[in-house]
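What follows is each chain in one-letter form.
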Amino acid sequence: MARSLGIPVWVVPGDALRESSQGSNALLQSGALPLINTQSLMDQLGAGPCVSSFGQGDASALKSKKPQTSDPVQTHLLKLVDEDSSFDEMVQALQSNPERVAAELLKLELEGLVVAQPGLRWRSL
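The structure contained in this document is the topic of the report that follows. All values derive from a computational prediction rather than experimental measurement.

The rules behind each value
- Residues numbered from 1 in each chain as written.
- Predicted model: local features only at pLDDT ≥ 70, side-chain atom pairs only at ≥ 80, totals over all residues.
- Heavy atoms only, no water.
- Helix = DSSP H or I, 4+ residues; strand = E, 2+ residues; numbered from the N terminus.
- Contact = heavy atoms within 4.5 Å.
- Salt bridge = Lys/Arg side-chain N within 4 Å of Asp/Glu carboxyl O.
- Buried < 20%, exposed > 50% of the residue type's maximum accessible area, 1.4 Å probe, protein only.
- Arc of directions from axis to C-beta.
- Polar contact = N/O pair within 3.5 Å; in protein donor to acceptor, adjacent residues only side chain to side chain.
- Axes fitted to C-alpha atoms, helices over the stretch in contact; angles between N-to-C directions.
- Parallel < 35°, antiparallel > 145°, perpendicular 65-115°, else oblique.
- Nonpolar A, V, L, I, M, F, W, Y, C, P; charged D, E, K, R; others polar.
- Core = buried A, V, L, I, M, F, W, Y, C linked by side-chain atoms within 4.5 Å.

Let's talk about the environment of Thr69
Here is step 1: Within the fold, Thr69 resides in the loop between helix 3 (56-64) and helix 4 (72-82).
Here is step 2: When the C-alpha positions of Thr69 and Leu108 are compared, they lie 9.1 Å apart, and in sequence the two are 39 residues distant.
Here is step 3: Apart from the residues within four sequence positions on either side, Thr69 is in contact with Gln74, Thr75, Leu78 and Leu113.

Description of the pattern of salt bridges
Here is step 1: Here the structure, examined in full by the defined rule, presents 3 salt bridges.
Here is step 2: Linking Glu83 and Lys79 is a salt bridge whose minimum nitrogen-to-oxygen distance equals 3.5 Å.
Here is step 3: The residue Lys107 makes a salt bridge to Glu104 at a minimum N-O spacing of 3.3 Å. With Lys107 and Glu104 both in helix 6 (residues 98-110), this residue pair falls 3 residues apart, about one helical turn.

Let's talk about helix 4
Here is step 1: Within the sequence span of helix 4, burial applies to Gln74, Leu77, Leu78, Leu80 and Val81. Down the axis of helix 4, the smallest arc covering the buried residues is 160 degrees, so these residues share one side. Away from its buried face by more than 90 degrees, helix 4 exposes Pro72 and Lys79.
Here is step 2: Next to the buried residues of helix 4 lie helix 5 (87-94), helix 6, strand 3 (114-117) and strand 4 (121-124).
Here is step 3: Put simply, Asp71 is the residue that caps the front of helix 4, since its side-chain oxygen is 2.7 Å from the backbone nitrogen of Val73.

Looking at the packing of helix 4 against helix 6
Here is step 1: Relative orientation of the contacting elements helix 4 and helix 6 amounts to 85 degrees, with a least axis distance of 10 Å. Taken together, the axes of helix 4 and helix 6 are roughly perpendicular relative to one another. Across from Val73, Gln74, Leu77, Leu78 and Val81 in helix 4, the residues of helix 6 making contact are Arg100, Val101, Glu104, Leu105, Lys107 and Leu108.
Here is step 2: Here the residues of the contact of helix 4 with helix 6 sort into 7 nonpolar, 1 polar and 3 charged.

Comments concerning unusual backbone geometry
Here is step 1: One non-glycine residue, Gln95, lies in the positive phi region at around 50 degrees.
Here is step 2: Even without being a glycine, Leu120 presents a positive backbone phi close to 55 degrees.
Here is step 3: Along the chain, Leu120 falls in the loop between strand 3 and strand 4.

What about the nonpolar core?
Here is step 1: With 14 residues, the main nonpolar core has Leu77, Met90, Val101, Leu105, Leu108 and Trp122 as its most contacted residues.
Here is step 2: Sorting the residues of this core by element identifies helix 4, helix 5 and helix 6 as the ones contributing at least two each.
Here is step 3: Ignoring sequence-local partners within four residues, the contact set of Leu77 consists of Met90, Leu94, Val101, Glu104, Leu105 and Leu108.

Digging into the packing of helix 5 against helix 6
Here is step 1: The N-to-C vectors of helix 5 and helix 6 enclose an angle of 110 degrees; their axes lie 9 Å apart at closest approach. Relative to helix 6, helix 5 is oriented roughly perpendicular. Here Phe87, Met90, Val91 and Leu94 of helix 5 come into contact with helix 6, specifically with Pro98, Val101, Ala102 and Leu105.
Here is step 2: Here the contact of helix 5 with helix 6 is built from residues that sort into 8 nonpolar, no polar and no charged.

A closer look at the side chain of Ser21
Here is step 1: Considering the arrangement of structural elements, one finds Ser21 in the loop between strand 1 (10-11) and helix 1 (22-29).
Here is step 2: The class for Ser21 is buried, based on a relative accessible area of 8%.

Right under this line is the structure:
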């Protein structure tokens, strides 16, 4: 999926004789970049956005801006995320099936509105 979006894929190479390394080594064969050490990854990613380059007022304005979506299901999901609802609670609140809720949460993640957390939880960005 990342490659289809033009996002580079890094993979830690595995021992060629181990069955558990077949997936990562197959990704390397199909063009993924080998991740040998953290510094090479940091060099590839670059410095990234720096909030310190904004004025103090600008940074607080960025933090206070809530993500927006026009889709009512996604709006309801964002509210449930902010309420720290579990995945099961989201399915129940939306009166939907788990597959649809998971798909909507993935859309929100791809739009940069939420991030997945451990334990089937999400956090708004």
